[in-house]
Each structure stands twice: as C-alpha cells, then as structure tokens.
Amino acid sequence: FPGVRQAQWLTKTKLVEGLPPAVQGIVDNPAHGLQELEERVKHAVSHARLWDTAEVAPRREQYCPVLFENLIHICRLMSGKYPSLTKRMLARNCRIAATWERESILLQVRGLSGILMNSMTPIPPVASEEEILATKEHVLETFYPIAPTIDLQEVNVYKELNDTGQCFGDGYPYSHPHTLFFLESANVRTDRFRPEQLRAKMLMFAFGNALAKAKALHGNDPKVLEQPVVVQSVGTDGQLFQFMVFQLNTTDLVSNDGIKNLVWIDSDQNLYEKAQCVPEVKKGVVTKPAGISGFQPDTFKKFLALYLHGTV
C-alpha cells in the first residue's frame with residue numbers, strides 16, 4: 001500500500017515536493033558558511049564508515065548512529081555563530097501519543113518517536129496565510145474501493161491520549177518539538193523500513209507530535225490554528241537521507257473539506273555514493289583504494305539547514 005499517500009489521507013495533508021523556501025534559503029545562503037564545513041563532514045563520514053571499528057567493515061547498526069552523532073556534533077559547532085542554538089535539547093526514547101477522528105474512524109499514533117530535538121521556541125510557520133487558504137481547494141486522494149485504513153492495527157482504545165512524551169514534565173523549558181530523527185540502522189535489509197515506508201513513518205510521527213502540541217496549547221476542540229505548528233523530520237540509514245517539514249494548520253480532521261495540513265518532502269538524498277572499507281587489490285596492484293567516494297555536500301547542507309531553521 002502506498003506509504004506517504006496513505007499517511008497524507010490519514011493526516012489530511014497536502015504534499016509539496018522539495019524543501020520549503022524558508023529552509024532552501026538557508027541552504028543557498030553563502031553567509032551561513034555551510035561550505036566551510038565540507039571537510040569536517042567528509043571526516044565524519046570516514047570516521048563512521050572506515051575508522052570507528054576494529055572490524056574490516058562496520059555494520060550499519062554501528063556506523064549509522066555514529067554518523068548521526070558526528071553530524072549533530074558539527075551542527076552544534078554553529079552555536080558559536082548563532083548562540084540561540086544552545087536553547088535546544090536532544091531527547092531519546094520519548095513516547096508520543098496523539099488521537100484524532102478522520103471521517104468516522106478514531107485514529108491514534110503512538111510509540112517511540114525516534115530521537116527528538118526540542119527547542120525553547122517554536123519554528124515559525126513556513127507557509128503564508130495565502131498558501132494555507134489555498135489548501136481548501138486541494139482534493140485529497142481516496143483509495144476507493146480500498147479502505148485507507150486497510151493495513152492499520154486495530155486496538156481497543158480505553159483512553160484517548162494526547163501526550164507529547166514522557167520526557168516532558170510541567171515547566172520543561174525545551175517544550176517545543178523541533179526535529180525528529182529516525183535511524184534505520186538494522187543490518188539486515190528486510191528489518192529496515194524501505195525509503196517510502198520511512199517517509200510515511202516520518203510524516204505520521206511529525207503529525208503526531210504537532211497534533212499533541214497543538215492540543216496541549218489550544219485544547220481538544222477541532223479548529224484551524226491561528227499559529228500553525230511546524231515539526232521537522234530527518235530519516236537515514238547511514239547513507240541515504242530523507243528530509244521533511246510538516247506544518248499542522250488545522251486540528252479539524254474529520255472531513256475532507258476545508259483547510260489541509262502541509263508537508264514538504266525532499267526524498268532519497270545520498271550523503272555519499274560508496275564506502276570502500278578495504279582496498280581492492282588485483283595481482284598485487286591496488287585497483288580501488290579504501291575511502292569514501294561520491295560525497296554529496298548538498299545533502300549535509302540540507303541536514304544543517306533543518307537544524308538551523310527557526311534560529312537563522
């Protein structure tokens with residue numbers, strides 16, 4: 001079943017391909033000095049893929065989290081230039097629960113929401129009022145005669161939870177969800193989400209975090225939000241990256257009419273093409289030296305732009 005298309009229906013969301021202008025503008029602006037970090041990023045990739053193990057070749061379950069930590073460390077270095085970046089916190093193993101009604105179906109997203117970066121201040125809306133109003137004309141895809149909930153797990157819901165996570169108590173200063181990070185680090189391919197499945201998971205959990213936050217701020221009554229809630233998401237298997245920005249415009253989700261939510265997705269961005277962990281030797285001659293090939297600096301620029309978003 002088509003992952004993102006199904007998630008769009010479940011969350012009443014219109015898809016826009018690519019990054020929103022607010023984020024793309026950070027990528028393209030030379031004043032942020034993103035290109036100056038390229039050598040650090042190459043070193044981070046080599047560290048994760050080639051050096052951080054005694055094994056001949058590290059397994060994905062090892063190098064994927066190491067690469068993520070390396071990239072986050074490089075992002076944090078920008079706090080010298082942008083001090084407000086210090087007002088962030090990474091929370092791990094946070095649980096999310098969000099409940100909503102779609103047509104006549106009660107839906108709930110709940111579970112571990114990856115690694116969640118929180119901020120003291122929310123990300124400003126990325127779509128203008130005109131763009132939000134224009135979503136009224138957007139027609140959501142239906143899957144008739146297939147029910148859009150065909151492969152969802154049915155459970156008895158005894159309590160309609162809307163909870164932004166066990167990490168946050170009252171008065172927690174980093175109370176705004178900023179970016180979710182999903183590491184698909186299983187070594188066996190069949191145990192990992194395929195990119196399309198991962199993007200659907202990213203959308204559902206970004207929506208869930210945004211909806212829980214909106215209900216905490218504005219109550220449970222369905223409404224179009226005066227101040228939309230923006231939550232970002234990044235997914236990677238340690239090589240291929242998925243980038244997403246989700247904007248919750250409305251908690252009135254029952255019908256297909258009216259204002260829709262918005263999601264921008266930039267899919268399947270390689271950070272590098274190949275990691276040659278050991279040199280390839282033929283007849284005593286090194287035909288392929290060990291190293292990283294096909295490095296794509298723009299992919300890290302997008303990763304960093306999402307990190308900087310809301311600050312610069």
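What you see is a predicted model; the values in this text were computed from it and never measured.

Cut-off values and rules
Residues numbered from 1 in each chain as written. Predicted model: local features only at pLDDT ≥ 70, side-chain atom pairs only at ≥ 80, totals over all residues. Heavy atoms only, no water. Salt bridge = Lys/Arg side-chain N within 4 Å of Asp/Glu carboxyl O. Helix = DSSP H or I, 4+ residues; strand = E, 2+ residues; numbered from the N terminus. Buried < 20%, exposed > 50% of the residue type's maximum accessible area, 1.4 Å probe, protein only. Contact = heavy atoms within 4.5 Å. Pairing = 2+ DSSP bridges. Core = buried A, V, L, I, M, F, W, Y, C linked by side-chain atoms within 4.5 Å.

Colleague: Sorry if this is basic, but what is going on with the pattern of salt bridges here?
Modeller: Pairing between side chains becomes possible if they bear opposite charge and their charged atoms approach one another. Applying the stated criterion across every chain, the model contains 10 salt bridges. When the shortest N-O distance is used, the salt bridge between E184 and K201 registers 3.9 Å. Placement of the pair is E184 in the loop between β6 (176-183) and α6 (195-218) and K201 in helix α6, with a sequence separation of 17 residues. Take E184: its relative accessible area is 8%, and that puts it in the buried class. Across the pair D268 and R199 runs a salt bridge whose closest N-O atoms are separated by 3.1 Å. Residue D268 is located in strand β9 (residues 261-270), and its partner R199 is located in helix α6; the two are separated by 69 residues in the primary sequence. Here D268 falls in the partly exposed class, since its relative accessible area comes to 39%. You can call R199 buried: its relative accessible area is 10%. The structure contains a network of salt bridges with shared partners spanning E196, R199 and D268.

Colleague: How should helix α1 (residues 3-11) be read in this particular structure?
Modeller: Along an α-helix, residues three or four apart share an orientation, since each turn contains 3.6 residues. Along α1, 8 of the 9 residues are buried, which leaves the element largely enclosed by surrounding structure. Within α1 the residues assigned to the buried category are G3, V4, Q6, A7, Q8, W9, L10 and T11. In the core, the buried residues of α1 are packed alongside β1 (13-17), β3 (95-102), β4 (105-112), α6 and β9. K12, located one to two residues past α1, shows a positive phi value of around 55°.

Colleague: Before we go on, may I ask you to explain the pairing of β4 in this structure?
Modeller: In summary, the side chains of a regular strand alternate between the two faces of the sheet. Here β3 runs beside β4; their pairing, made up of 8 bridges, is antiparallel. Within the sheet, the bridge partner assigned to R95 lies in β4 and is L112. In textbook terms, the turn of a hairpin is the stretch between consecutive antiparallel strands, and for β3 and β4 this stretch comprises 2 residues, one of which, E103, has a positive phi near 55°.

Colleague: It is not clear to me how the nonpolar core should be interpreted in this structure. Could you clarify?
Modeller: The tendency in soluble globular proteins is for nonpolar side chains to be buried as a group. Within the largest apolar cluster, 48 residues are counted, with the highest numbers of intra-cluster contacts made by L71, F181, L271, F300, F303 and L304. Mapped onto this core, the elements with two or more residues apiece are α2 (21-28), α3 (38-51), α4 (60-76), β5 (115-119), β7 (224-236), β8 (240-250), β9 and α7 (297-308). Looking at this core, the element that brings in the most residues is α4, giving 8 residues. If you look at the next biggest cluster of nonpolar residues, it comprises 34 residues, including A7, M202, A212 and V229.

Colleague: Would you take a moment to explain the pairing of β5 for this structure?
Modeller: Of all 5 residues making up β5, 5 are buried, and the element is well covered by its neighbours. Side chains of β5 alternate between two faces, with I115, M117 and S119 and L116 and N118 buried alike. As defined by bridge partners, strand β2 (residues 88-92) adjoins β5 across 5 bridges and the pair is classed as antiparallel. Directly across from R88, in β5, lies its bridge partner S119. One ladder, built from 5 bridges, connects β5 with β6; its direction is antiparallel. Among the inter-strand pairings, L116 is bridged to a residue of β6, identified as L180.

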